[in-house]
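# Structure assessment
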Amino acid sequence: MTRAELLAYCLAKPGAWLDRPWEADEVVKVGSKIFAFLGAPDGEPRVWAKCGPDREEADEWLRRFPDDATAAPYLGRYGWNALRLGGAIPDEDLRDAVDGSYDAVVARLPRRERP
């Protein structure tokens, strides 16, 4: 899966929108919350997604894909992982990670911000 394909997949979610809060870094939000970090377009192709409610569950990704998944800096303790695109992680699993991240973020949004 390419970065452009993943970005299009993220933006197809109800209420999703692209934001650039830190210079060239791109994130996809629903309501006021981020559910996918994509970084700079010219950077390493990866996505940061919430892969579980806590570090213990998110670590399953690290065990399954040791070369392509890492705990996300700063957010890792909250279940966020950085997943490399174009590696051993199948496209379906990348989409599942984005879906799970989106669902987790939407569930915590105030009702007035939910799509």
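Notes on the structure follow. (Residues numbered from 1 in each chain as written. Predicted model: local features only at pLDDT ≥ 70, side-chain atom pairs only at ≥ 80, totals over all residues. Heavy atoms only, no water.)

### Some points on the overall build of the chain
Applicable threshold: Helix numbers and strand numbers start at the N terminus; a helix is a DSSP run of H or I with at least 4 residues, a strand a run of E with at least 2. Computation of the radius of gyration draws on C-alpha atoms, with the globule rule given as 2.2 Å multiplied by the number of residues to the power 0.38. Contacts: residue pairs with any heavy atoms within 4.5 Å of one another. Accessible areas in this description were obtained via Shrake-Rupley with a 1.4 Å probe; residue shielding takes into account the shown protein chains only. Charge assignment in this entry is limited to Lys and Arg as positive and Asp and Glu as negative, and neither His nor the chain termini are counted. Where a charge lies is defined by one atom per residue type, namely NZ (Lys), CZ (Arg), CG (Asp) and CD (Glu).
Broken down by element type, the chain carries three helices and six strands. For a compact globule of 115 residues, the expected C-alpha radius of gyration is about 13 Å, and the chain comes in at 13 Å, within 12% of that figure. Considering only contacts in the chain between residues 6 or more positions apart, those separated by 24 or more positions represent 48%. Split by element, the accessible area of the chain, about 6,400 Å² in all, is 51% carbon and sulfur. The distance from the centre of the 17 positive side-chain charges to the centre of the 21 negative ones in the chain is 7 Å.

### Some remarks on the state of the cysteines
Rules: Any cysteine sulfur atom paired with another within 2.5 Å is treated as part of a disulfide.
Under the defined criterion, the tally for this structure stands at zero disulfides. Of all cysteine sulfurs, the one in cysteine 51 lies closest to cysteine 10, which takes part in no disulfide; the gap is 12 Å.

### Section: helix 3 (residues 91–108)
Going by this rule: The span one expects for a helix is its residue count, reduced by one, times 1.5 Å. The buried label goes to any residue with under 20% of its type's maximum accessible area, the exposed label to any with over 50%, and the partly exposed label to all in between, with areas taken from a 1.4 Å probe on protein chains only.
Helix length check: helix 3 (18 residues) gives 26 Å between terminal C-alpha atoms against 26 Å at 1.5 Å per residue, within 8%. Taken together, the buried positions of helix 3 are Asp93, Leu94, Ala97, Val98, Ser101, Tyr102, Val105 and Val106. Elements in contact with the buried residues of helix 3: helix 1 (3–11), strand 2 (25–30), strand 3 (33–39), strand 4 (46–50), helix 2 (55–64) and strand 6 (80–84).

### Section: unusual backbone geometry
At glutamate 23, a residue that is not glycine, the phi angle is positive and equals roughly 50 degrees. Tracing the backbone shows glutamate 23 in the loop between strand 1 (16–22) and strand 2. We classify glutamate 23 as exposed; its relative accessible area is 79%. Phi at tyrosine 74 is positive, roughly 70 degrees, even though this residue is not glycine. Within the secondary structure, tyrosine 74 is located in the loop between strand 5 (69–71) and strand 6.

### Some remarks on the packing of helix 1 against helix 3
Short version of the rule: Here an axis means a line fitted to C-alpha atoms, over the contact stretch when the element is a helix, while the angle between two N-to-C directions is reported on a 0 to 180 degree scale. It is the rotation of the near helix from the far one that decides the hand of a crossing: anticlockwise by less than a right angle makes it left-handed, clockwise makes it right-handed.
The interhelical angle for the contact between helix 1 and helix 3, taken along N-to-C directions, is 35 degrees, at an axis separation of 11 Å. As for the relative orientation of helix 1 and helix 3, their crossing is right-handed in sense. Counted together, Leu6, Tyr9 and Cys10 of helix 1 and Arg95, Val98 and Asp99 of helix 3 form the full contact between these two elements.

### A word on the side chain of arginine 3
Take arginine 3: it is sitting in helix 1. Given the relative accessible area of 14%, arginine 3 is considered buried. Here arginine 3 is in contact with Glu26, Leu38, Gly39, Ala40, Pro41 and Leu85, once residues within four sequence places are set aside.

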